[in-house]
Structure formats: C-alpha cells, structure tokens
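Inside the fold
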Amino acid sequence: MNVELPPGVTAEDELRQRLPAVHAQSDLPDKVTIYEVGARDGLQAEKLSVPTTAKIDFIVDLVGAGLPVVEATSFVSPKWVPQLADAADVLAGLGPDLSRHPVLVPNMRGLERALASNAAALAVFVSATETFARRNLNMSLLQAVDAALEVTEAARSEGLSVRGYVSMCFGDPWEGQVKLRQVSEVSKALIDAGCYQVSLGDTIGVGTAGHVAALLRDHEAIGIDLDQLALHFHDTYGQALANVHAGLQAGVTCFDASAGGIGGCPFAGTATGNLATEDLLWMLTGLGIETGVDLKAVWSAGSKMTALLGRPSPSRVAQALTP
Ligand code: HMG
Ligand code: MG
C-alpha cells in the first residue's frame, strides 16, 4: 500500500520515525512513572549559561509531552552550581501549582529559598560514600545525612513532599566498589525520616544488571519495599537500559531520565549524561509498558535543548529519529 508522506518527509524519514512494535512481557509491570530530571541534573553541569526562559520552555514542553514529574531546578549554592542560580525565577515562571516540579535542596538555607519561591515538592540528596559527600556537599557523610533529615522533617511539617536521592550507589570514582548494605542503610535513614521515595543513583554509570538486582534485594532485606524506590542511571558505560530492565524485572516502577540525554554531575568528573528519556521510552513502548508520555514530544523538547547547547543529543533514539 502506498501512503502519502507529508511534504519534505522522505520514505526513509517516515520509517525512522515509527515507534517500535509492541511485545509485552507478562513478568514486567504494566505501568511505569518516568521522573524527568533534564532541567536539573541535565543542565547543572553545563558551562554555557542557558537563559531562564529557555529552561522554563523546556520544562513546559516536557509537561506537555505527558511527563508526570519534571524536576525543575536546585536551591543549592549559586557559587557551587552557577547554572541554577536562577532557581527562584524558574519557579516563578512555572507557578502557581508547583506540585509536579520538585526542587533539589541541600540544607536549611536551600529550604528557606525553596519555601520563599512557593515550592511544593523537594528532593534531598546524600551520598552512599564519604568522599563524594565531601566533594558534593562539603560535609562528612554523617553531616550530610543529618542535614538531609533536618530538611526532610522541616519540609514535611510545612506540607511539602520530599524525595531522597542516594548517589554513588554502584561505585565511587575515589573509593571504588560500594557495599550494598552501605547504600541500603542510607536509603533506610531517608525513608524513616519521611521521604516518600528514594532514588538510587548510579552517578558515574558503572552499575550492571546483576548489581541492580542485588542492591534491590538488599533493600528488601532491611524492610524497604520496592515501591519506595526509584532508579537513576547515568549511561557512561552504556548499561543504563539493561539496568532499567533489571529494575523492571525486580518490580521497580519509577525511573529517572533526562530528555536529550543531557546531564552529569559537576562534582563527579566521570559522570556523563543521564539515561535519555527518549531511549527509556523506546524500550518501555516496545515492552507495552504504559507511561502516558509522548516519545516524539520529548524528542522535540530534548532536540531544542541540545541544539541550544550546541551539540547533538547523545540519545541513540534521538539520533535515529532525527532526519
Ligand atoms: P559551603 O560553601 O560549604 O556552604 O557549601 P556554607 O554552608 O559554608 O555556606 C557558604 C555560603 O554559601 C554562605 O554564603 C551561605 O549562605 C551560602 P556567604 O555567607 O559566604 O555569602 N549558602 C547558600 N546559598 C544559597 N543556597 C543554599 C546555600 N547554602 C549555603 N542552599 C553547600 C555547602 C551544600 C551549600 C554546597 O556544597 C552545595 O551547594 N552543594 C550542592 C552541589 C550540587 O548541587 N551537586 C549536584 C547535585 S547532586 C547530583 O547531581 C546527584 C543526583 O543527580 C543523583 C546521582 O546522579 O547520583 C541527585
Ligand atoms: Mg544524577
């Protein structure tokens, strides 16, 4: 059958832009939540100063694509992360309902700023390792956990929801291998303090599928349910999708990703981009897993941002879809 193509679109473009065939697997979840981090984790390490309006447009486009949560920015020290110094202006441009736009907060000063900007949802962040706690937060691991617990308690008493992140869960560039229990105990402290979910970060992308399964089992062994966990992969070693699949097989239903695959951590030199939302969506679509997100709309938003940053998207799906 001959299908008439839109003007300027070649048969080859059309083939590229189709979605994958769907073959569901009965042992995987039916539905997954994608927690979008492009505007925060994606942009925080960018040297080029992205205009506030472009950040707001990026977030609005991602919400329009159907993403249920789009983390907006960080109330961290502007000296440490100059790219996100406009956090208050970004929230002002998104208001008034900020419930689907969590913001990262490192300490009570950050909480004060977030509250003054009408934030409704927070994310606190700690490391599973001593060295990264010092490099990322200028605190010992114990001090960092205490600071996160203090922020969590104060934010919850103001009615805000709080998510926790644990970084370096699968390996640390300074300390090497990280023990499973070292990670799960930090997660437990955050959950006990009232975080509704903890996202396990593979900050430098070294994790592999068996490690994901083992880490999840260790969390369950100390009483943490899988529905209290999310997985946050960086794709440095090309393992992110395999790791998501291992998470799905275990029963995890929330995954962090960044449109356009942008991202990295300014305080962990070997961290590259996050798992691209486009790549995650391609896989989930093929598995028949519902997300409520429009892959092509995410691709369009991610492409606009990577064009502004002046380089092609590292997302393999974005590259394959782009004529
Ligand atoms: P410090 O310099 O040790 O802070 O930084 P301090 O408490 O000594 O204060 C120094 C100055 O900073 C003071 O100002 C404070 O008021 C100010 P001065 O008196 O000199 O004018 N200050 C602040 N200003 C604005 N907002 C604040 C704030 N706090 C202090 N919240 C600090 C300590 C924690 C602030 C700093 O280390 C920091 O901001 N770190 C954040 C680093 C960061 O954002 N890292 C990336 C996010 S984590 C990540 O990407 C991993 C993740 O994606 C998961 C994964 O991949 O693993 C989540
Ligand atoms: Mg990250």
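Summarised in this report is the structure supplied together with it.

A closer look at the site of ligand 1
Contacts to ligand 1 come from 28 residues, most closely from Q44, N107, N136, N138 and T203. The separation between an oxygen atom of ligand 1 and a polar side-chain atom of R40 is 3.1 Å. Contacts to ligand 1 include V76, whose backbone N or O atom sits 3.3 Å from a nitrogen atom. Expressed as a share of its isolated accessible area of 1,100 Å², the protein-covered part of ligand 1 is 74%. If you list the elements that add at least two residues to the shell around ligand 1, you get α2 (38-42), α5 (108-116), α6 (130-137) and β6 (161-167).

As for the sheet that holds strand β3 (residues 73-74)
Spatial strand order, β2-β1-β9-β8-β7-β6-β5-β4-β3: 9 strands in an open sheet with parallel pairing. What marks the edges here is a single partner per strand, and that holds for β2 (69-70) and β3. In the sheet, β6 pairs with strand β7 (residues 197-202) via 4 bridges, with the strands oriented parallel. Considered in β7, the bridge of V166 is made with L200. Packing against the sheet, helix α10 (residues 240-250) makes contact with β7, β8 (229-233) and β9 (254-257), and its axis sits at approximately 170° to β8.

Brief notes about the coordination of the magnesium ion (ligand 2)
Octahedral six-donor coordination of a metal ideally yields angles of 90 or 180 degrees, compared with 109.5 degrees for tetrahedral four-donor coordination. Within the protein, the atoms that donate to the magnesium ion (ligand 2) are D41 (OD), H232 (NE2) and H234 (NE2), at distances of 2.0 to 2.3 Å. Sequence positions of the residues that donate to the magnesium ion (ligand 2) give the spacing D-x190-H-x1-H. Here the residue D41 occupies a position in helix α2, and H234 occupies one in the loop between β8 and α10, the gap between them amounting to 193 residues.

Digging into α6
Among all positions of α6, only F132, A133, N136 and L137 are buried. With its buried residues spanning 105° around the axis, α6 presents them on a single face. Considering only its buried residues, α6 is in contact with β5 (121-127), α7 (141-157) and β6.

Some remarks on the packing of aromatic side chains
Scanning the entire structure with this criterion turns up 2 aromatic pairs. Plain terms: the ring middles of F132 and W174 are 6.2 Å apart, the flat faces sit at 15° to each other, and that makes the pair stacked. One end of the pair, F132, is in helix α6; the other, W174, is in the loop between β6 and α8 (180-192), and 42 residues separate them in sequence. Accessibility expressed as a relative area gives 2% for F132, which makes it buried. A relative accessible area of 34% places W174 in the partly exposed class. Here F170 and F233 contribute two aromatic rings whose centre-to-centre distance is 6.1 Å and whose plane-to-plane angle is 50°, an arrangement assigned as tilted. Residue F170 is located in the loop between β6 and α8, and its partner F233 is located in strand β8; the two are separated by 63 residues in the primary sequence.

Examining α10
A240, N243, V244, A246, G247 and L248 are the residues of α10 that are buried. Tucked into the core, α10 has its buried residues touching β7, α9 (209-221), β8, β9 and α11 (277-286). Phi turns positive one or two residues past the end of α10, at G251, with a value near 115°.

Some points on the side chain of S258
Tracing the sequence through the fold places S258 in the loop between β9 and α11. A relative accessible area of 0% places S258 in the buried class. When near neighbours in sequence (up to four residues on either side) are disregarded, S258 contacts E36, V37, G38, G42, N274, L275, A276, T277 and E278.

Section: the pairing of β9
The two faces of β9 match: C254 and D256 on one face and F255 and A257 on the other face are all buried. Running through α10, the crossover from β8 to the neighbouring parallel element β9 is right-handed.

Calculation rules
- Residues numbered from 1 in each chain as written.
- Chains lettered and ligands numbered in written order.
- Predicted model: local features only at pLDDT ≥ 70, side-chain atom pairs only at ≥ 80, totals over all residues.
- Heavy atoms only, no water.
- Near = heavy atom within 4 Å.
- Polar contact = N/O pair within 3.5 Å; in protein donor to acceptor, adjacent residues only side chain to side chain.
- Areas by Shrake-Rupley, 256 points an atom, 1.4 Å probe, with all protein chains shown as cover.
- Helix = DSSP H or I, 4+ residues; strand = E, 2+ residues; numbered from the N terminus.
- Pairing = 2+ DSSP bridges.
- Contact = heavy atoms within 4.5 Å.
- Axes fitted to C-alpha atoms, helices over the stretch in contact; angles between N-to-C directions.
- Donors = N, O, S within 2.8 Å, 3.2 Å for Na, K, Ca; no water.
- Buried < 20%, exposed > 50% of the residue type's maximum accessible area, 1.4 Å probe, protein only.
- Arc of directions from axis to C-beta.
- Phe/Tyr/Trp six-rings, centres within 6.5 Å; stacked < 30°, edge-to-face > 60°.
- Right-handed = clockwise from strand over helix to strand, strands pointing away.

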